[in-house]
Amino acid sequence: MPIAETLRTADIHVAPASVRLDAVGKSFGKAGQSVDVLTNISLEVAAGEVVVLLGPSGCGKSTLLRLIAGLETATVGSVTIDGHEVTGIDTRCGVVFQEPRLFPWKSIEDNVVVGARGARSSETVAALLAAVGLSGFEKHLPRQVSGGMAQRAALARGLAGFPGVLLLDEPFAALDALTRLTMQDLLLDVAQETGATVVLVTHDIDEALHLADRIVVLGERGQGIAEIVTVDHPRPRDRSHPGLAPLRDELLARFGIHP
Ligand SMILES: Nc1ncnc2c1ncn2[C@@H]1O[C@H](COP(=O)(O)OP(=O)(O)O)[C@@H](O)[C@H]1O
Ligand SMILES: [Mg+2]
């Protein structure tokens, strides 16, 4: 059964959660020699919205996600989820890191069950494992599967708790091109069916154009938000929709590539 149908049958809905950053700044290092990584970031992500962060390497994309997840604390400004300030690791968020970060001693299936936080049925876990192409590998240990498979297991784990806010840090970067497209659509299905709010980091412009309601382009480190591009096309999107071409050109130009 396709994942969308499974979720519909299971009637899984999350509490809608908006994310708000108010004049957020983050510096690392001791006073006097600290580096400002993020400055004056203000952004409101509506409940159920898909926002994609795009920006050069080292500009602070992962840091921004970590701030929302409560894994880092802002130096100045505030981060709120649904009006409540984030002060520590936030259980309203599900995080998918760039690396799988699976428990090495747990099977693939048990790693996903950990993400489900006991709240979901074994049918839902099985459906997620099937959706990420890991049926038949449930009992394998992470070291017994390929890097791409481990990353897909991490995606299933992040989705399995059906969090109100899904934070994903270049989650598909290690996957082959075709699998990447399938996983993008899986993410959209889950977000659509559960109403989750999504903040995803990528350096792939086409991925951003396929997924995002809005693309937030960050400038070089410390420069803050350079531009916000609204992708005003209904989903599911045809990847070659002519309406996306001008946006692609605009984003490429911003990164110094002229079509
Ligand atoms: N815990 C940390 N301590 C010191 N510097 C850090 C820490 N985390 C990130 N940085 C620095 O912040 C900058 C942005 O990092 P990061 O958010 O990982 O960027 P991106 O994900 O956009 O590539 C980098 O210069 C990085 O070295
Ligand atoms: Mg990063």
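**Digging into the packing of helix α1 (residues 3-10) against helix α4 (residues 122-131)**
Then comes step 1: Interaxial distance between α1 and α4 falls to 10 Å at its minimum, and their mutual angle equals 165°. Considered as vectors, α1 and α4 are oriented roughly antiparallel to each other. For the pair α1 and α4, the crossing hand works out as left-handed. The residues of α4 that touch α1, namely those facing Ile3, Thr6 and Leu7, are Thr124, Ala127, Leu128 and Ala131.
Then comes step 2: Looking at the contact of α1 with α4, its residues break down into five nonpolar, two polar and no charged.

**Quick look at the nonpolar core**
Then comes step 1: By size, the foremost hydrophobic cluster in this structure holds 53 residues, and its most contacted members are Leu155, Leu187 and Ile215.
Then comes step 2: Broken down by element, the residue count for this core peaks at eight residues, all from helix α5 (residues 147-160).
Then comes step 3: Dropping the residues within four chain positions of it, leucine 155 is found in contact with Val96, Val132, Leu168, Phe172, Met183 and Leu186.

**Comments concerning the sheet that holds strand β8 (residues 197-202)**
Then comes step 1: Here we have six strands laid out as an open sheet, ordered β6-β7-β8-β3-β9-β10, and mixed in their pairing. Of all strands in the sheet, those with a lone pairing partner are β6 (93-96) and β10 (225-230), marking the two edges. Neighbouring strand axes in the sheet, compared pairwise and without regard to direction, differ in orientation by 15° on average.
Then comes step 2: Packing against the sheet, helix α2 (residues 61-69) makes contact with β3 (50-54), β6, β7 (165-169), β8 and β9 (214-218), and its axis sits at approximately 155° to β7.

**Concerning helix α6 (residues 177-194)**
Then comes step 1: Helix length check: α6, at 18 residues, gives a terminal C-alpha distance of 26 Å against a target of 26 Å (1.5 Å per residue), a fit within 8%.
Then comes step 2: Taken together, the buried positions of α6 are occupied by Thr179, Met183, Gln184, Leu186, Leu187, Leu188, Val190, Ala191, Glu193 and Thr194.
Then comes step 3: Looking at the buried side of α6, the elements it contacts are α1, α4, α5, β7, β8 and α7 (205-211).
Then comes step 4: Directly beyond the C-terminal end of α6, a positive phi value near 80° is found at glycine 195.

**A look at the sheet that holds strand β2 (residues 35-45)**
Then comes step 1: Strand order in the open sheet formed by four strands is β2-β1-β4-β5, with antiparallel pairing between adjacent strands. Among the strands making up the open sheet, the edge pair consists of β2 and β5 (84-85).
Then comes step 2: Bridge analysis of strand β1 (residues 19-28) against β2 gives seven bridges, and the strand direction is antiparallel. Paired with serine 27 across the two strands is aspartate 36, which belongs to β2.

**Focus: α2**
Then comes step 1: Within α2, seven of the nine residues are buried, which leaves it mostly tucked inside the rest of the structure.
Then comes step 2: Listed in full, the buried residues belonging to α2 are Lys61, Thr63, Leu64, Leu65, Leu67, Ile68 and Ala69.
Then comes step 3: Positive phi shows up at glycine 70, right after α2, with a value of about 80°.

**Description of the packing of α5 against α6**
Then comes step 1: Axis separation between α5 and α6 bottoms out at 12 Å; the angle between their running directions is 5°. As the angle between them shows, α5 and α6 are arranged roughly parallel. Here Arg152, Leu155 and Leu159 of α5 lie close against α6, whose contacting residues are Thr179, Met183, Leu186, Leu187 and Val190.

Rules behind the numbers
- Residues numbered from 1 in each chain as written.
- Chains lettered and ligands numbered in written order.
- Predicted model: local features only at pLDDT ≥ 70, side-chain atom pairs only at ≥ 80, totals over all residues.
- Heavy atoms only, no water.
- Axes fitted to C-alpha atoms, helices over the stretch in contact; angles between N-to-C directions.
- Helix = DSSP H or I, 4+ residues; strand = E, 2+ residues; numbered from the N terminus.
- Parallel < 35°, antiparallel > 145°, perpendicular 65-115°, else oblique.
- Left-handed = near helix turned anticlockwise from the far one by under 90°.
- Contact = heavy atoms within 4.5 Å.
- Nonpolar A, V, L, I, M, F, W, Y, C, P; charged D, E, K, R; others polar.
- Core = buried A, V, L, I, M, F, W, Y, C linked by side-chain atoms within 4.5 Å.
- Buried < 20%, exposed > 50% of the residue type's maximum accessible area, 1.4 Å probe, protein only.
- Pairing = 2+ DSSP bridges.
- Expected span 1.5 Å × (residues − 1).

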